[in-house]
Amino acid sequence: MRIENPRYTERFGSVRVNDVQKVLELDSGRAKEIPLQENIAVQKIEEDTIKDIEEKMAIVIPTKDEKLKLFEGVIRGVPHECLIIVVSNSQRKPVDRFRMEQDAIKQFCHFTHHQALIIHQKDPILAQAVAEAGYTDLLDEDERVRDGKAEGMVAAMLIAIMANKDYVGFVDADNYFPGAVWEYAKCYAAGFSMAKSPYAMVRILWHYKPKISAGMYFKKWGRVSETTNKCMNSLISTKTGFETDVIKTGNAGEHAMSLRLAEILPYASGYAIEPQELVSILEGFGGVLPVAHQTVAKHGVEVLQIETLNPHLHEEKGLDHLKGMLLPGLGAVYHTPLCDAETKQLILGELQQQDAIKPDEEPPKPHISAPPKKVNRQKFAEVIKEHLDSYSALEKK
Ligand code: GDD
Ligand code: MG
């Protein structure tokens, strides 16, 4: 893969946010014994380097009642070396959609020997493992894992830690292009190979997100992303006194982290998770509030933003769904102690204009779960491992 080097980096305390790096070539050819004189603006990431990282990476697919054909395409797009972890909140009745997903994974693994795990978010064993590990933040009043994409992602992180992975990447299950999924995973690996800190995050910026109206229109920015980025940049600008537009991936559902970073961040519920990750990094290491971990601050936390070549085409879920994503995301920005009056005003204005709140309302404060590091991972593994076979579609190579 050939990819731009980061050309501009903004620094906040010990956080480094790199401006967008574009993918120039998906396949950059064989490794040459004598490396070509590379242009310093561009980096060639060798296939072996990417594969080495993929072997240490779990790709998590959160899913809830997506079309089976899309789900099947997504799992087929994940590079072979990555462990697939599916956490599903799909319905069990009247049609058992989860069973269909399990069958699809099983068949896929049978013919490809790809390693994969699938578990239902409401499985009582998962809830028991989470409870015995002391992670009650993740449980609802019925003592099951709470609903929500974020909760599925956090449960999957615990499984990735248990599987001794070093990196975790997230990919939505409703993507129409397996090739885009493949590219996301490659970009995650390429990003980690370029990162200078072991505490790194790679966030994907889509080249285009096509909309189908009269014809196909290759739209670059979605409304939710545009608004979240604007508010997040305002939060940073008012703190530093210098206006910035460095955040281009405030909502990036497609993103990855080194597990060393993933395990020390607190997580917001549902669709607030991605904006909250950036907020948590800025709170913990941005130099305004007390430093969360001195050793991490010494290395610094690095955020890479990579623009892919494949367009992102996923299921359209309607205007209410978009509001349901905008509101919690901006709630994460609004309620951080870093948020100043000016940014709060901007957020309220945006939400009112988009009809997401009434003039006297505020966005909701996100429910925050403690960092996974605080969890007793031994206990979690003991409970889950015993039952792994019944969840697992894993076949030995
Ligand atoms: N396990 C689980 N549990 N998965 C869920 C749940 C849940 O309760 N709710 C939704 N999902 C899955 C969906 O099936 C899909 O695979 C993925 O989470 C994303 O959900 P969508 O409903 O498709 O979200 P979106 O397309 O509107 O927004 C996506 O992109 C945004 C911008 O990048 C999400 O990834 C957002 O989080 C992201 O901000
Ligand atoms: Mg979607």
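See above for the structure.
In this text, all values refer to a predicted model and were calculated from it rather than measured experimentally.

Colleague: Residues and numbers for the environment of Ile281, please.
Modeller: By the secondary structure assignment, Ile281 is in helix H9 (residues 273-285). Judged by its relative accessible area of 1%, Ile281 falls in the buried class. In this structure the C-alpha to C-alpha distance between Ile281 and Val301, which are 20 residues apart in sequence, comes to 7.6 Å. Once you skip the residues sitting within four places of it in the chain, Ile281 turns out to touch Val15, Met201, Leu261, Leu265, Gly286, Val301 and Val303.

Colleague: So what's going on with the site of ligand 1? Which residues, and what values?
Modeller: What surrounds ligand 1 is a group of 22 residues, the closest being Glu66, Lys149, Asn251, Lys317 and His321. At 3.0 Å from an oxygen atom of ligand 1 is found a main-chain nitrogen or oxygen belonging to Gly253. Computed on the free molecule, ligand 1 has an accessible area of 740 Å², of which 95% lies beneath the protein chains in the complex. When the residues that make up the shell around ligand 1 are grouped by side-chain class, the tally is seven nonpolar, eight polar and seven charged.

Colleague: Go over the nonpolar core, please, and point to the residues and values.
Modeller: By size, the foremost hydrophobic cluster in this structure holds 76 residues, and its most contacted members are Ile85, Val130, Met257, Leu261 and Phe380. A per-element tally of this core places helix H5 (residues 149-162) first, with eleven residues. Phe108, Val181, Cys187 and Ala200 belong to the second largest nonpolar core, which has 44 residues in total.

Colleague: Which residues make up the packing of aromatic side chains, and what are the values?
Modeller: Evaluation of the coordinates by the stated rule reveals one aromatic pair. Of note, Lys344 hangs over the ring of Tyr334, and the distance from its end group to the ring centre comes to 4.6 Å.

Colleague: Could you give an account of helix H7 (residues 223-240), naming the residues involved and the relevant values?
Modeller: It helps to recall that an α-helix has 3.6 residues per turn; residues three or four apart then point in one direction. End to end, H7 covers 26 Å across 18 residues, agreeing with the expected 26 Å (1.5 Å per residue, within 8%). Looking only at H7, the buried set comprises Val224, Thr227, Thr228, Asn229, Cys231, Met232, Asn233, Ser234, Leu235, Ile236 and Ser237. Structurally, H7 contributes buried residues whose contacts are with strand S2 (9-12), H9, helix H11 (319-334) and helix H12 (341-353). A positive backbone phi angle near 85 degrees is found at Gly241, which sits one or two residues after H7.

Colleague: Could you give an account of the pattern of salt bridges, with specific residues and numbers?
Modeller: Counting across every chain of the model gives 23 salt bridges. The salt bridge partner of Glu54 is Lys186, with a shortest N-O separation of 3.0 Å. Of this pair, Glu54 sits in helix H1 (residues 47-55) while Lys186 sits in helix H6 (residues 178-194); the two residues are 132 residues apart in sequence, bridging distant segments of the chain. A relative accessible area of 0% places Glu54 in the buried class. A salt bridge links Lys317 to Glu66, with the shortest nitrogen-to-oxygen separation between them at 2.8 Å. Here the residue Lys317 occupies a position in the loop between strand S15 (301-307) and H11, and Glu66 occupies one in the loop between strand S6 (57-63) and helix H2 (68-77), the gap between them amounting to 251 residues. Through salt bridges with shared partners, a single network forms among Lys51, Glu54, Glu81 and Lys186.

The rules we used
- Residues numbered from 1 in each chain as written.
- Chains lettered and ligands numbered in written order.
- Predicted model: local features only at pLDDT ≥ 70, side-chain atom pairs only at ≥ 80, totals over all residues.
- Heavy atoms only, no water.
- Helix = DSSP H or I, 4+ residues; strand = E, 2+ residues; numbered from the N terminus.
- Buried < 20%, exposed > 50% of the residue type's maximum accessible area, 1.4 Å probe, protein only.
- Contact = heavy atoms within 4.5 Å.
- Near = heavy atom within 4 Å.
- Polar contact = N/O pair within 3.5 Å; in protein donor to acceptor, adjacent residues only side chain to side chain.
- Areas by Shrake-Rupley, 256 points an atom, 1.4 Å probe, with all protein chains shown as cover.
- Nonpolar A, V, L, I, M, F, W, Y, C, P; charged D, E, K, R; others polar.
- Core = buried A, V, L, I, M, F, W, Y, C linked by side-chain atoms within 4.5 Å.
- Phe/Tyr/Trp six-rings, centres within 6.5 Å; stacked < 30°, edge-to-face > 60°.
- Lys NZ or Arg CZ within 6 Å of the ring centre and 35° of its normal.
- Expected span 1.5 Å × (residues − 1).
- Salt bridge = Lys/Arg side-chain N within 4 Å of Asp/Glu carboxyl O.

Just distances and angles here, no functional claims.
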